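# Structural features, examined
The primary structure of each chain is shown beneath.
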Amino acid sequence: MQVDEQLIERARSGDAWAMEELLTQIRPKVVSRCARLLPHTLDAEEAAQDALLSIATHLKDYTGSGSFEGWVTVVASNSARQTYRTLKRRFAERAVSELPNPPDPRTTSVIAGSRIDLLDAIEALELAHPETAEAFVLRDIGSMPYDEIAALTQTPLGTVKARIHTARGFVRGKLGVDVDNF
């Protein structure tokens, strides 16, 4: 994702056309990032819309200390995780009698999706080792290079690698995955 720095600056300064163009350019990347965590298309789209709104609202907070793509990845990943939490809470609040029997696969959401175990493991990671969760998500879900994660989080490269290593071990344990096969 290559976005013109001048476009970003114009959008930051309040140029409505530039903001619209910027959001149009980054939308595919945002949807892609959200879909890595939320396999159900409608859930990923909902998270992407929330992420784009957040980007538009908080663009002035982007300091330029890391890459713009990295900042967008953080916002999209956080939005996808928040959408998952919201869906999970809604699902827990519904009475069992309200669920269709059997569930319609065309409308089944992430709650019954294939990544629920990973998202639950990431939630547990956030509680047990909160300093490692962001680096883990950026590297293993967002596929960001270590040096960009270090710049984005303003953390030394060695610390980033150590946090990711710790997080991977924790997530492997939560998923019940053999270390040799992960």
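Since the model is a prediction, treat every value here as computed from it, not as a measurement.

### Thoughts on the pattern of salt bridges
Counted according to the given criterion, the structure contains ten salt bridges. Salt bridges linked by common partners bring Arg81, Arg85, Lys88, Asp120, Glu123 and Glu126 together as one network.

### Re the side chain of arginine 81
By the secondary structure assignment, arginine 81 is in helix H4 (residues 68–93). By relative accessible area, arginine 81 is classed as buried at 9%. With residues near it in sequence (within four places) discarded, arginine 81 still touches Leu37, Ile122, Glu126, Ala133 and Val137.

### Side note on the packing of helix H2 (residues 16–37) against helix H3 (residues 41–58)
Where H2 contacts H3, the axes come no closer than 9 Å and their chain directions differ by 140°. As the angle between them shows, H2 and H3 are arranged oblique. H3 is crossed by H2, and the crossing has right-handed handedness. When H2 is examined against H3, the residues Met19, Leu23, Ile26, Arg27, Val30, Val31, Cys34 and Ala35 are found in contact with a partner set consisting of Ala44, Glu45, Ala47, Ala48, Gln49, Ala51, Leu52, Ile55 and Ala56. Considered class by class, the residues forming the contact of H2 with H3 number 14 nonpolar, one polar and two charged.

### Quick notes on the packing of helix H1 (residues 5–12) against H2
Orientation of H1 relative to H2, taken along the N-to-C sense of each, is 130°, at an axis distance of 7 Å. As the angle between them shows, H1 and H2 are arranged oblique. Note that H1 runs across H2; the crossing there is left-handed. Two secondary-structure elements touch here, H1 through Leu7, Ile8, Arg10 and Ala11 and H2 through Trp17, Ala18, Met19, Glu21, Leu22 and Gln25.

### Here we look at H1
Inspection of H1 places Leu7, Ile8 and Ala11 among the buried residues, and these make up the whole buried set. Burial along H1 is one-sided: seen end-on, the buried residues are contained in an arc of 100°. Once H1 finishes, glycine 14 follows within two positions and takes phi at roughly 105°, a positive value.

### Concerning the nonpolar core
The biggest cluster of nonpolar side chains holds 49 residues, and the ones touching the most others in it are Leu22, Ile26, Val30, Phe68 and Trp71. Among the elements of the structure, H1, H2, H3, H4, helix H5 (116–128), helix H6 (130–141), helix H7 (146–153) and helix H8 (157–175) are those that each provide at least two residues to this core. The dominant element in this core, judged by the number of residues it contributes, is H2, at nine residues. Once you skip the residues sitting within four places of it in the chain, leucine 22 turns out to touch Val3, Leu7, Ile8, Ala11, Leu59 and Phe68.

Rules used throughout
Residues numbered from 1 in each chain as written. Predicted model: local features only at pLDDT ≥ 70, side-chain atom pairs only at ≥ 80, totals over all residues. Heavy atoms only, no water. Salt bridge = Lys/Arg side-chain N within 4 Å of Asp/Glu carboxyl O. Helix = DSSP H or I, 4+ residues; strand = E, 2+ residues; numbered from the N terminus. Buried < 20%, exposed > 50% of the residue type's maximum accessible area, 1.4 Å probe, protein only. Contact = heavy atoms within 4.5 Å. Axes fitted to C-alpha atoms, helices over the stretch in contact; angles between N-to-C directions. Parallel < 35°, antiparallel > 145°, perpendicular 65-115°, else oblique. Left-handed = near helix turned anticlockwise from the far one by under 90°. Nonpolar A, V, L, I, M, F, W, Y, C, P; charged D, E, K, R; others polar. Arc of directions from axis to C-beta. Core = buried A, V, L, I, M, F, W, Y, C linked by side-chain atoms within 4.5 Å.

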